[in-house]
Amino acid sequence: MKKLLQKHLPLIADTIRKGTYSLKMCSASVAACIFSFIVVFGCIYVTASRNIAIKQIRWQISQIIPQLNELNIDIAYDNIEFNSMFFSPLIKISNFQIYSFNELNNWALSFDNIKAYPNLFGTKKIRFEASSDGSFSFNDYKTFMKTERTFLDIINQNDKLKEVVLHTQDINLKNLAKIEKISFLLQSLSYKNSKSSITLPSFESFFEINNVNINGLIDYPLSSHINLLYAKASIMGRFTPEKYLLTTLETWLKEGGFIEIPNLIVQWEPLTLVGRGSLNFNENFSPRINFNTSSKGLLRLLADLQKNEVLESKNVFVANILLSNKAFKINPEDEELTISTPIGYSDKKITIENLTIKDFTK
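Rules behind the numbers
- Residues numbered from 1 in each chain as written.
- Predicted model: local features only at pLDDT ≥ 70, side-chain atom pairs only at ≥ 80, totals over all residues.
- Heavy atoms only, no water.
- Helix = DSSP H or I, 4+ residues; strand = E, 2+ residues; numbered from the N terminus.
- Buried < 20%, exposed > 50% of the residue type's maximum accessible area, 1.4 Å probe, protein only.
- Contact = heavy atoms within 4.5 Å.
- Salt bridge = Lys/Arg side-chain N within 4 Å of Asp/Glu carboxyl O.
- Pairing = 2+ DSSP bridges.

Draft legend 1. A look at the overall build of the chain. A count of helical and extended segments in the chain gives four helices and 18 strands. For the chain, buried positions account for 30% of its 362 residues. A fraction of 49% describes how many contacts in the chain between residues 6 or more apart in sequence connect residues 24 or more apart.

Draft legend 2. Looking closely at the environment of Thr143. By secondary structure assignment, the location of Thr143 is in strand S7 (residues 141-146). Taking the C-alpha atoms as reference, Thr143 lies 9.7 Å from Asn172; in sequence the two are 29 residues apart. Once residues within four sequence positions are removed from consideration, Thr143 is found in contact with Ser135, Phe136, Leu173, Lys174 and Leu176.

Draft legend 3. Expanded view of the pattern of salt bridges. As enumerated under the stated definition, the model contains six salt bridges in all. One salt bridge connects Arg300 with Glu336, and the closest N-O pair in it is separated by 2.3 Å. Taken together, the positions of Arg300 in helix H3 (residues 298-307) and Glu336 in the loop between helix H4 (313-326) and strand S16 (338-346) put the pair 36 residues apart, joining distant regions of the chain. The shortest N-O distance in the salt bridge between Glu353 and Lys326 comes to 2.6 Å. In this pair, Glu353 sits in the loop between strand S17 (349-352) and strand S18 (355-359) while Lys326 sits in helix H4, placing the two residues 27 residues apart along the sequence.

Draft legend 4. Fine view of the pairing of strand S3 (residues 91-100). Where strand S1 (residues 73-76) meets S3, four bridges bridge the pair, whose relative direction is antiparallel. The residue bridging Ala76 from the neighbouring strand is Gln97, located in S3. In this structure, strand S2 (residues 79-82) lies alongside S3, joined through four bridges in antiparallel fashion. Paired with Glu81 across the strands is Lys92, a residue of S3. Here eight bridges tie S3 to strand S4 (residues 107-118), and the two strands are oriented antiparallel to one another. Note that in S4 the partner of Lys92 across the bridge is Lys115. Linking S3 to S4, which pair antiparallel, is a turn of six residues.

This is the structure in structure tokens:
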């Protein structure tokens, strides 16, 4: 037996070696086939996903434009291209412009180019990136604009809006202002018990502007530097989508909808203000704002506005007396007095301590 094994051992070893080599070659071929299949299937999947995204965006544009028109807002562009090819922008828009056609106060914001990209896998998220060059106009005033980075993310889930993120940084508005950063977030909220009788928030949002340097040649009572503008808000009440946007908003208002603002921060020398309050609307969608605030520098701000004949001197005089009686220093070294007071806006009038200090109807 031993001699027999010694005689056939080289043959067995050779057979094993050839079998191992064949198995390796076969495994490489199988792996290559699997890899090729994954690549081909992935390309087909991504292309199909992009085509679906294009159809969704076309449909959404057809729905959004009429809704914007209800708010006296419209969009325009010179050319729009859709591309389903992999690694190419999903959308290219040249000379994009969003503007209002309100006769009293018209404004327009434009960008030379906008490109949109979907997620690599799936189409739930679309990112719109704007070019660095653009312009902003308000009535007869126009300024050119440059930004370091501007993008808008729109995320959908189950064919409903899930989240909107806007971010722009290092904005230079020629001869007007330089802004370090603007951020905005809007996200929908969902609850297990959707039939609750309690008014619950349907959306939550954050808005923030950091480090704004305004052109010193512009005449205004505040300083030329805004350190921070921040607001956190919750949109209370449920939205029931209807054919027209205004009808949807009317239904929301009738069902008790309003906007709660639990946190407001303004750091704009000489004013430092924190507050919380709410924003309501009447049947004509005219806003009613009520805030309970705590601030420093309010007395100096009112004096400067009165000096520039921006506010009504009679009521400001009375308001100053009321506020001075409430003012105090938190720390002995404070230069500005701290004041806690309600501030409101309704019927085109600004009030402090329920006194009208500015009437925009006059």
